[in-house]
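Summary of structural features
Residues per chain are reported as follows:
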Amino acid sequence: VIISPLAVETEGLAGNLEAGEQYSAADLLKAMLAVSSNDAAAAVAEFYGSNNFLNQMNAKALELGMIQTSFFDPTGLSYLNQGTIEDLSKLVRYIYKNHPEIFQITANSKVSIFEETKKISKELTNINNFTARPEFFGGKTGFTDQAKSNLITIFNYQDHKLLLIVLGTNDRFGQTD
């Protein structure tokens, strides 16, 4: 995926991506998951075709029974992106069962991505405060001005997985704790 100037202009600086750089889609996924890189999300959507990408996101949501969820943009920045705790729970269960490697990425305190043209690695520090905890299995942060701070986390608790979803708060880590 080649990073376009339009992708770089997307709100937020996370990921420190520059126009003309080239990354694997897998590395851009790491940037999206660990540091909420909107640039990476925009670049991946451009690569697959923005409308196609959104259509696939919405189709997957329906396939998973997420009937109260709609995606309007690939970054999650628009207030038109909507979902519920119930739908997010369905998504988490699907990822846990079918793509557990996603949680492995989010549980790391740092991730490395490799820029293909310059042949350099970049280390990104995860913005999730729980990565240092041994019981943290994984999760994802979110924030918009309208939705405030949000957090999905899974913890290992007494040989069970515990899912916590906090939405619309000013203290997502404190409330999760």
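Keep in mind that what you see is a predicted model, and the values were worked out from it rather than measured.

Thresholds applied
Residues numbered from 1 in each chain as written. Predicted model: local features only at pLDDT ≥ 70, side-chain atom pairs only at ≥ 80, totals over all residues. Heavy atoms only, no water. Phe/Tyr/Trp six-rings, centres within 6.5 Å; stacked < 30°, edge-to-face > 60°. Helix = DSSP H or I, 4+ residues; strand = E, 2+ residues; numbered from the N terminus. Buried < 20%, exposed > 50% of the residue type's maximum accessible area, 1.4 Å probe, protein only. Pairing = 2+ DSSP bridges. Axes fitted to C-alpha atoms, helices over the stretch in contact; angles between N-to-C directions. Parallel < 35°, antiparallel > 145°, perpendicular 65-115°, else oblique. Contact = heavy atoms within 4.5 Å. Nonpolar A, V, L, I, M, F, W, Y, C, P; charged D, E, K, R; others polar. Patch = residues over 30% accessible without salt bridge, like charges linked within 9 Å, V, L, I, M, F, W, Y side chains within 5 Å. Areas by Shrake-Rupley, 256 points an atom, 1.4 Å probe, with all protein chains shown as cover. Salt bridge = Lys/Arg side-chain N within 4 Å of Asp/Glu carboxyl O. Polar contact = N/O pair within 3.5 Å; in protein donor to acceptor, adjacent residues only side chain to side chain.

1. Details of the packing of aromatic side chains
- Applying the stated criterion across every chain, the model contains 8 aromatic pairs.
- Taking the centre distance of 5.7 Å and the plane angle of 55° together, the rings of Tyr96 and Phe137 count as tilted. With Tyr96 in helix H5 (residues 85-98) and Phe137 in strand E3 (residues 136-144), the pair connects residues that are 41 residues apart, well separated along the chain.
- Summarising the aromatic geometry, the rings of Phe103 and Phe137 are spaced 5.8 Å apart at their centres and angled 40° between planes, so their arrangement reads as tilted. Of this pair, Phe103 sits in helix H6 (residues 101-107) while Phe137 sits in strand E3; the two residues are 34 residues apart in sequence, bridging distant segments of the chain.
- What makes Phe103 buried here is its relative accessible area of 5%.

2. Considering the sheet that holds E3
- Pairing is antiparallel across the open sheet formed by 3 strands, whose spatial order is E3-E4-E5. Strands at the two margins of the open sheet, each flanked by one partner only, are E3 and strand E5 (160-169). Each strand axis lies, on average, 10° off the axis of its neighbour in the sheet, ignoring direction.
- Relative to strand E4 (residues 148-157), E3 is paired through 8 bridges, and the arrangement is antiparallel.

3. A short note on helix H2 (residues 25-35)
- All of the buried residues along H2 are Asp27, Leu28, Ala31, Met32, Leu33, Ala34 and Val35.
- Positive phi shows up at Ser36, right after H2, with a value of about 55°.

4. As for the packing of helix H3 (residues 38-48) against helix H4 (residues 50-63)
- With their axes 6 Å apart at the nearest point, H3 and H4 run at an angle of 105° to one another. Here H3 is positioned roughly perpendicular relative to H4, judged by the angle of their axes. The segment H3 lies against H4, with Val44, Ala45, Glu46 and Tyr48 engaging Ser50, Asn52 and Phe53.
- Counted by class, the contact of H3 with H4 contains 4 nonpolar, 2 polar and 1 charged residues.

5. Some words on a nonpolar patch on the surface
- Residues Phe72, Tyr79 and Leu80 make up a contiguous nonpolar surface patch of about 330 Å² in total accessible area.
- Secondary-structure assignment places Phe72 in the loop between H4 and H5.

6. A look at the side chain of Glu21
- Tracing the chain through its elements places Glu21 in the loop between helix H1 (5-8) and H2.
- Here the side chain of Glu21 touches Glu18 through a polar contact of 2.8 Å, landing on its backbone nitrogen.
- Within the local environment of Glu21, its side chain forms a polar contact with the side chain of Lys122, the two groups lying 3.2 Å apart.
- Excluding residues that lie within four positions of it along the chain, Glu21 makes contacts with Val1, Ile2, Ile3, Asn16, Glu115, Thr117, Lys118 and Lys122.

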